[in-house]
Amino acid sequence: MSDLKPDEGVGRPSEPVEVQRETSASTSRTGGPEIFVPAGTPRGGGMPLSAWVVAGVVVLAILAGLVLAGRKKAPVITGIQPPAPYAVNLPLSGLQMSESTSLSGGKSTFIDGKIRNAGPTTVTGVTVQVLFHNEEQMPPQVETVPMMLIRTREPYVDTQMVSADPIKPGDEREFRLIFESIPANWNMQMPEIHTIRVDTK
């Protein structure tokens, strides 16, 4: 029978033994496993999200600027303009004036009539200048408005742009001119109507 040394007794608890295991998962700089890092993700991070957002905003701003620069600004019409060359082919007839008051107290003035295309070209737009004369021998108030075609009259008058239903050669259409403000010194006579712009196709 072999002699047992005092420190080799069976009754003493065994001390824990540290075992180092190799794992397949790589560890991060903090010591924890990077189990949620997608394959192919560059180490050390890339561009921050805020930088991508700023870059996207800059690109959108440049594109918007190019689009706006490409648009032609409509010329501002000031003063009494000469008639359009094609205006001789667009006689107006049956002119009548009317007014309406809204529930809020605002008043609108209308000039209704007929326009006929006596020329050889289809008309897609008409702009007119309306001269409201007065009794004081002062220059008339000039209103420049697009001509609106009357689409229906029931249950109310509904209008549309000429471009929505172009006026073909030989056609006659009803139109309406709409004014939100009439000069207080207007002489209450039918104003002059000059066709200053005609769009054709």
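The coordinates are above.
## Examining the overall build of the protein
Consideration 1: When its secondary structure is counted, the protein shows one helix and eight strands.
Consideration 2: Each helix and strand of the protein, placed in order from N terminus to C terminus, yields the pattern α-β-β-β-β-β-β-β-β.
Consideration 3: Considering the protein as a whole, with its 201 residues, one finds that 24% of them fall into the buried category.
Consideration 4: Within the protein, counting contacts between residues at least 6 apart in sequence, those at least 24 apart form 67% of the total.
Consideration 5: As presented, the protein carries roughly 15,200 Å² of accessible surface, and 57% of it is formed by carbon and sulfur atoms.

## Looking at the pattern of salt bridges
Consideration 1: Scanning all chains against the criterion turns up eight salt bridges.
Consideration 2: In this structure, glutamate 99 and lysine 107 form a salt bridge, with 4.0 Å as the shortest nitrogen-oxygen distance.
Consideration 3: The exposure class assigned to glutamate 99 is partly exposed, which follows from its relative accessible area of 48%.
Consideration 4: Since its relative accessible area comes to 46%, lysine 107 is described here as partly exposed.

## Structural notes on a nonpolar patch on the surface
Consideration 1: Together, Val54, Val58, Val59, Leu60, Ile62, Leu63 and Leu66 make up an exposed nonpolar region whose accessible area comes to about 670 Å².
Consideration 2: Residue classification places valine 58 among the partly exposed positions, given a relative accessible area of 43%.

## With respect to unusual backbone geometry
Consideration 1: Each neighbour pair has its own omega, and for glutamate 154 with proline 155 the value is 0°, a cis peptide bond.
Consideration 2: Along the polypeptide, proline 155 turns up in the loop between strand S5 (148-152) and strand S6 (158-161).
Consideration 3: Residues other than glycine seldom take positive phi values, yet methionine 188 does so here, at roughly 65°.
Consideration 4: With respect to the helices and strands, the residue methionine 188 is situated in the loop between strand S7 (172-179) and strand S8 (192-200).

## Observations regarding the nonpolar core
Consideration 1: One finds Ile115, Val123, Val128, Val130 and Leu177 to be the most contacted residues of the largest nonpolar core, which totals 22 residues.
Consideration 2: Secondary structure elements with two or more residues in this core: strand S2 (107-116), strand S3 (123-132), S7 and S8.
Consideration 3: When residues of this core are assigned to their parent elements, the largest contribution, five residues, is made by S3.
Consideration 4: Setting aside residues no more than four positions away along its own chain, valine 130 makes contact with Ile111, Gln141, Val142, Glu143, Leu177, Phe179, Pro191, Glu192 and Ile193.

## A short note on the packing of aromatic side chains
Consideration 1: The final tally for this structure, using the stated rule, is two aromatic pairs.
Consideration 2: Relative to tryptophan 186, the ring of phenylalanine 132 lies with its centre 5.6 Å away and its plane at 85°, an arrangement referred to as edge-to-face. Here phenylalanine 132 is found in strand S3, whereas its partner tryptophan 186 is found in the loop between S7 and S8, with 54 residues between them in sequence. Comparing phenylalanine 132 with tryptophan 186, the two get one shared label, buried.

## Concerning the sheet that holds S3
Consideration 1: If you trace the three strands from one edge of the open sheet to the other, you get S4-S3-S8, paired in antiparallel fashion. On the outer flanks of this sheet lie strand S4 (141-146) and S8, each paired with one strand and no other. On average, adjacent strands in this sheet sit at an angle of 20° to one another, irrespective of strand direction.
Consideration 2: One ladder, built from six bridges, connects S3 with S4; its direction is antiparallel.

## Overview of the pairing of S6
Consideration 1: The pairing of S5 with S6 spans four bridges and is classified as antiparallel. Bridge pairing in S6 places leucine 149 opposite glutamine 160.
Consideration 2: Once S5 ends, the chain turns through five residues before running back antiparallel as S6.

## Section: the side chain of asparagine 117
Consideration 1: Structurally, asparagine 117 is set in the loop between S2 and S3.
Consideration 2: Here asparagine 117 is in contact with Tyr86, Asn89, Leu90, Thr122, Val123, Ile167, Lys168, Pro169, Gly170 and Asp171, once residues within four sequence places are set aside.

What counts and how
Residues numbered from 1 in each chain as written. Predicted model: local features only at pLDDT ≥ 70, side-chain atom pairs only at ≥ 80, totals over all residues. Heavy atoms only, no water. Helix = DSSP H or I, 4+ residues; strand = E, 2+ residues; numbered from the N terminus. Buried < 20%, exposed > 50% of the residue type's maximum accessible area, 1.4 Å probe, protein only. Contact = heavy atoms within 4.5 Å. Areas by Shrake-Rupley, 256 points an atom, 1.4 Å probe, with all protein chains shown as cover. Salt bridge = Lys/Arg side-chain N within 4 Å of Asp/Glu carboxyl O. Patch = residues over 30% accessible without salt bridge, like charges linked within 9 Å, V, L, I, M, F, W, Y side chains within 5 Å. Core = buried A, V, L, I, M, F, W, Y, C linked by side-chain atoms within 4.5 Å. Phe/Tyr/Trp six-rings, centres within 6.5 Å; stacked < 30°, edge-to-face > 60°. Pairing = 2+ DSSP bridges. Axes fitted to C-alpha atoms, helices over the stretch in contact; angles between N-to-C directions.

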